[in-house]
Each structure stands twice: as C-alpha cells, then as structure tokens.
Amino acid sequence: MARIKFCGAAGEVTGSKHLIMTGKGNLLLDCGLFQGKRAEAREKNLKFPFDISAIDAVALSHAHIDHTGALPLLTKNGYKKPVYCSSITSHLSEIMLKDSARLQENDAEFFNKINKDEKIAPLYTEEDALKAISLLRKKDSPFKPFENMKVSLYEAGHVLGSCQIFAETEGVKILYSGDVGRQSQLLLNPPCFPSETDYLVIESTYGDREHPEVEDAKEVLAEIINSAFKKKSKVIIPGFSLERTQEIIYILDNLKNEGSIPAIPVYVDSPMSCEITKIFNEMKFTGNFSKSFLEYARLDKDPFGYEYINYISEKRDSQKLNDAAGPMLIISASGMCEGGRILHHLRNSIENENDILLLVGFQAQGTLGRRLKEGEKEVKIFGLKHEVFMEVRSLEFFSAHAGKSDLVSYVRKVNPKKGIFLVHGENSQREGLSQALKKEGFNDIRLPEHGQEYEL
Ligand SMILES: [Zn+2]
C-alpha cells in the first residue's frame, strides 16, 4: 500500500515537497524552499518532516526555487541519491541553485554588515548547491527510480522545461501537477495529460480568481512607460528570472516594434536573468514554445532584445544605476523582493515619490513584495526601516499559473478516479477551488495540512 505525505506547500504556496512512500522505496516530489519572513522561513527550511536517509529518489517538476531550492539542504544533510527532471529543468536548475546559494551568502553578509546586534549564517553555500547539482539526472522519457515505481513527465506549460510528474506504483496512479500553466499564454503551449489517473495532487495558487488576459498587458505597460518617460521616473520591476523577465522583455520588444513606447533605456539587472534569457534564445525552436511566439521569433531574430535593452551581469554596473538619472526601466530579481539586487534598487528609490515599483508577479504572504503590494507605508530592507514614498503598482496579467476556470477545466480533463489533494495555495485559494470543483461533481477533495499523511 502506497502512502503520500505533504511536507511543504500545504496551506501555503512555497516549500513544495510531497513524499510518496511505498514498500520498496520513497520518492520525493520536488524539494522547494520556503520563502517569507527571514526568521520564520529559516526555521521551516532547516526542519525536514521526514528521514532524509529514507529517500530513494527526488523528481522535480520545474526549476523554480520554491520547488528545488531546498535540495542543497538535503545534500548538506547527507542525501546522495539521484534527482530526476527534464533536461531543460536540469539546465535551468543548475543556474538557479547556484544563484540561490549566492543570494543566501550575499544577503547574510550584507545583513551582518549593517546589523551590529544580530549575526546570521547563510542557509547554504555554493558548495552545498554544487553537491545538489551533481545529483541532477536528465530524464525526458519514462524511468524507474526504484523497483516498483515508474515515473513519466508531462509538459505543464508553466515555465520553460516545466513538467507534471506521473507516478505509477503498487497499482495506483498519481498525477502531481507541479505548477500548472494557463490555457492562453505569451510564450508556451498549455499543459497536456496522461490518459487516466487515480489521484491528482494539484496546485491551487489562483484557485479563487481569474487573471485578466495577458494580451491586454501590452496597453497598460505602454501607458506606464510613456508616463514614466515624461516624468523621468525610474520604474523598478521585480521580475522572476525564469519566464516573467522574458515575458516582459518580449512585450517590450513587441511594443518597440509597433512604435508604442519611446526610447527608454531598459536594464535587465540580474546575472541569472541574463543567463536564462540566453537559454530561451538557444531553445527557442526546440522548447515547448507556442505557435504565435515561434511565428514572431522567425521574423524577429532577437525576440528578447533590441538596442535599448542592456543586460547587466557585473556588480559595479549594477551599482552605477543607483546614481544614474531616470527615465529608465530596471528589471531585477528576486521577484518577491526577498533578496538580490532588487533590494538595492528598492532601497535607492523607495523614498522617492517620482519612482515606480511595478509588481508583475505573485507575492507570497510574508514577503516584502506582498507588504508593499498591500500598501504598507513603512518597511524594513536589510533590517533598516524605510518610509514608502514611491508609487506601487501591481499588474495581474502575468501569472504563469492557471486561474480558477483553467484549473477546473484541467481537473475535468484529468478526471481523477479516487481523489484530489489541493496544495500550493493559501487556504482561501484552496477553499475557492474546492467549492468550484464540488460544483463540477468532484467530491473526494482533500486540503492536506503540513506533515499530514494519507493512504493511497
Ligand atoms: Zn513555479
């Protein structure tokens, strides 16, 4: 009899970890980092609700840090077995895990420099990340991580390389959605499905709402850029390096080709975004890209760049932006303002009422991005208080996650025979999705709590 234990992203969005336990071996689905308030997230990240030595394999759905970022903690605690994923996810995870380790190290160093009373150690180091990277195994066709377990990966349409994980063991079939992409999106094709499953473990990030059409983002973005150009504002965009940054640049490329935006300099200030955009360019005719993107890419040889877009890797070039005058657009990471260069840009602009913070992605509870989105007037950056005078705007167009009706239609297509587990969503989102699914006649719906276990 197989069992499943929910070890993260149960009643919240970050820290995805779900453990399938069988008589012959244990498979961990994703190994994500909890994100949120520093001290709270740190405590949760250091505690694994399972015996690490009993894990036989890890399978990753996609390269986002909330699905992979705790791997270096696993290896730091002695894990040496394989970590399976699609080849694109392996490529991207290598970049993202190294970057995550650097962020942990840099933030700890900066925090310690400006806080006299409290010292912190990085959660993990680049060495721990390299150990985790050495365990990555590329699997684009079905594989058996141990004797009674068969795993197949299905495109999820969430970010480049993203997959759903379909596990077959001891007579049961379990589909783990990972993060589910939207039906209609800018760059990728929508998800595809296995023909039948018993159980579905599905994300519910936007289980209680719909997104406006992503196509409509162009007009709003053009309006913001035109007004910022006139006012000489700095527009600071926290962009998730994987996908959101490329989506924004792709829209800018479109707007520039149409003549809808002026010659405003754009700085993509993140070494990781630079590396990942290179991968998008290399993969543009081989990845899971949509027809409309491919048509565009055939006409425009560089869909992620034009003469005013500057990719910045070096720290000293990033620092130069602090003193440079607007107008300009700075796209920097991390996407929820939890670490990285975005914090330095925010620190520099937050008390300037002429500058704009433009949020273009999901902001998890407890993150600085969420606090700013909710209109807090005073926030701490690197432990120091700042009053918020800059304008904060939030665009809801850009989610890489399916909205409520896309999730419902996904469940209808998968049509699980025995039960549905809702994960990767705060409780109000899970409740919203649960009610919508019940209306569709799905009754066996569970909202697992952290650490809860079920027989399959
Ligand atoms: Zn994701």
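The structure presented is a predicted model; accordingly, all values stated were derived computationally and were not measured.

**Digging into the overall build of the protein chain**
Here's step 1: Summing up its helical and strand segments, the protein chain has 14 helices and 22 strands in all.
Here's step 2: Viewed in the frame of its principal axes, the protein chain has a C-alpha envelope of about 65 × 55 × 40 Å.
Here's step 3: Taking all 456 residues of the protein chain together, 60% fall into the buried category.
Here's step 4: In the protein chain, the share of contacts with a sequence separation of at least 24, taken over all contacts with a separation of at least 6, comes to 76%.
Here's step 5: When the accessible surface of the protein chain is totalled, it reaches about 18200 Å², and 46% of it is carbon and sulfur.

**Regarding the coordination of the zinc ion**
Here's step 1: Distances from the zinc ion to its protein donors, namely His62 (NE2), His64 (ND1), His158 (NE2) and Asp179 (OD), fall within the range 2.2 to 2.3 Å.
Here's step 2: Around the zinc ion sit 4 donor atoms, and with donor-metal-donor angles ranging over 93 to 168° the site reads as irregular.
Here's step 3: The sequence pattern formed by the donor residues of the zinc ion is H-x1-H-x93-H-x20-D. Here His64 is found in the loop between β4 (57-59) and α2 (65-68), whereas its partner His158 is found in the loop between β8 (149-155) and β9 (163-169), with 94 residues between them in sequence.
Here's step 4: In this structure His64 comes out as buried when scored by relative accessible area, which is 14%.
Here's step 5: Since its relative accessible area comes to 1%, His158 is described here as buried.

**Overview of the sheet that holds strand β21 (residues 445-446)**
Here's step 1: Taken in spatial order, the 7 strands line up as β7-β8-β9-β10-β11-β20-β21 in an open sheet, and their pairing is mixed. Edge strands, defined here as strands with exactly one partner in the open sheet, are β7 (143-146) and β21.
Here's step 2: Against the sheet, helix α13 (residues 404-414) makes contact with β9, β10 (172-176), β11 (199-203) and β20 (419-423), and its axis sits at roughly 165° relative to β11, the strand it touches most.
Here's step 3: Contacts from helix α14 (residues 427-439) reach β11, β20 and β21, with the element oriented near 155° to β20.

**Here's the deal with helix α5 (residues 126-133)**
Here's step 1: Among the residues of α5, those classed as buried are Asp128, Ala129, Ala132 and Ile133. Down the axis of α5, the buried side of the element spans an arc of 140°, and every buried residue falls inside it.
Here's step 2: Buried residues in α5 make contact with α3 (71-76), α4 (87-114) and β6 (136-138).

**So, the pattern of salt bridges**
Here's step 1: Taken as a whole and judged by the stated rule, the model has 24 salt bridges.
Here's step 2: A single network of salt bridges, built from pairs that share partners, joins Arg3, Glu453 and Glu455.

**Brief notes about the domain arrangement of the protein chain**
Many authors give the size of an interface as the accessible area that is lost as the parts come together.
Here's step 1: On domain assignment, one finds that the protein chain holds domain 1 (3-209 + 400-455) and domain 2 (214-394).
Here's step 2: The gap between the C-alpha centroids of domain 1 and domain 2 is 26 Å.
Here's step 3: Contacts between the two partners involve 34 residues from domain 1 and, on the opposite side, 39 residues from domain 2.
Here's step 4: Taken together, both faces of the contact between domain 1 and domain 2 bury some 3400 Å²; the carbon and sulfur share is 66%.
Here's step 5: Taken as a group, Leu160, Leu186 and Leu187 account for 24% of the area that domain 1 buries against domain 2, more than any other trio of residues on that side.

**Description of the nonpolar core**
Here's step 1: In this structure, Val58, Leu74 and Leu252 are the most contacted members of the largest nonpolar core, which totals 80 residues.
Here's step 2: Each of two domains, domain 1 (3-209 + 400-455) and domain 2 (214-394), supplies a minimum of three residues to this core.
Here's step 3: Grouped together as the second largest cluster of nonpolar side chains are 25 residues, Leu29, Met149, Ile165 and Tyr454 included.

**Things to note about the state of the cysteines**
Here's step 1: One pass over the structure, following the stated rule, counts 0 disulfides.
Here's step 2: Free cysteine: Cys31, not disulfide-bonded; nearest cysteine sulfur from Cys7 at 9.7 Å.
Here's step 3: The exposure class of Cys31 is buried, given its relative accessible area of 0%.
Here's step 4: Summary of cysteine pairing: Cys274 is not part of a disulfide, and the nearest cysteine sulfur, belonging to Cys337, is at 18 Å.

Calculation criteria
Residues numbered from 1 in each chain as written. Predicted model: local features only at pLDDT ≥ 70, side-chain atom pairs only at ≥ 80, totals over all residues. Heavy atoms only, no water. Helix = DSSP H or I, 4+ residues; strand = E, 2+ residues; numbered from the N terminus. Buried < 20%, exposed > 50% of the residue type's maximum accessible area, 1.4 Å probe, protein only. Contact = heavy atoms within 4.5 Å. Areas by Shrake-Rupley, 256 points an atom, 1.4 Å probe, with all protein chains shown as cover. Donors = N, O, S within 2.8 Å, 3.2 Å for Na, K, Ca; no water. Tetrahedral: all angles 85-135°; square planar, octahedral: opposite > 155°, others 65-115°. Pairing = 2+ DSSP bridges. Axes fitted to C-alpha atoms, helices over the stretch in contact; angles between N-to-C directions. Arc of directions from axis to C-beta. Salt bridge = Lys/Arg side-chain N within 4 Å of Asp/Glu carboxyl O. Domains from an automatic or database assignment. Buried area = accessible area lost by both parts, 1.4 Å probe. Core = buried A, V, L, I, M, F, W, Y, C linked by side-chain atoms within 4.5 Å. Disulfide = S-S within 2.5 Å.

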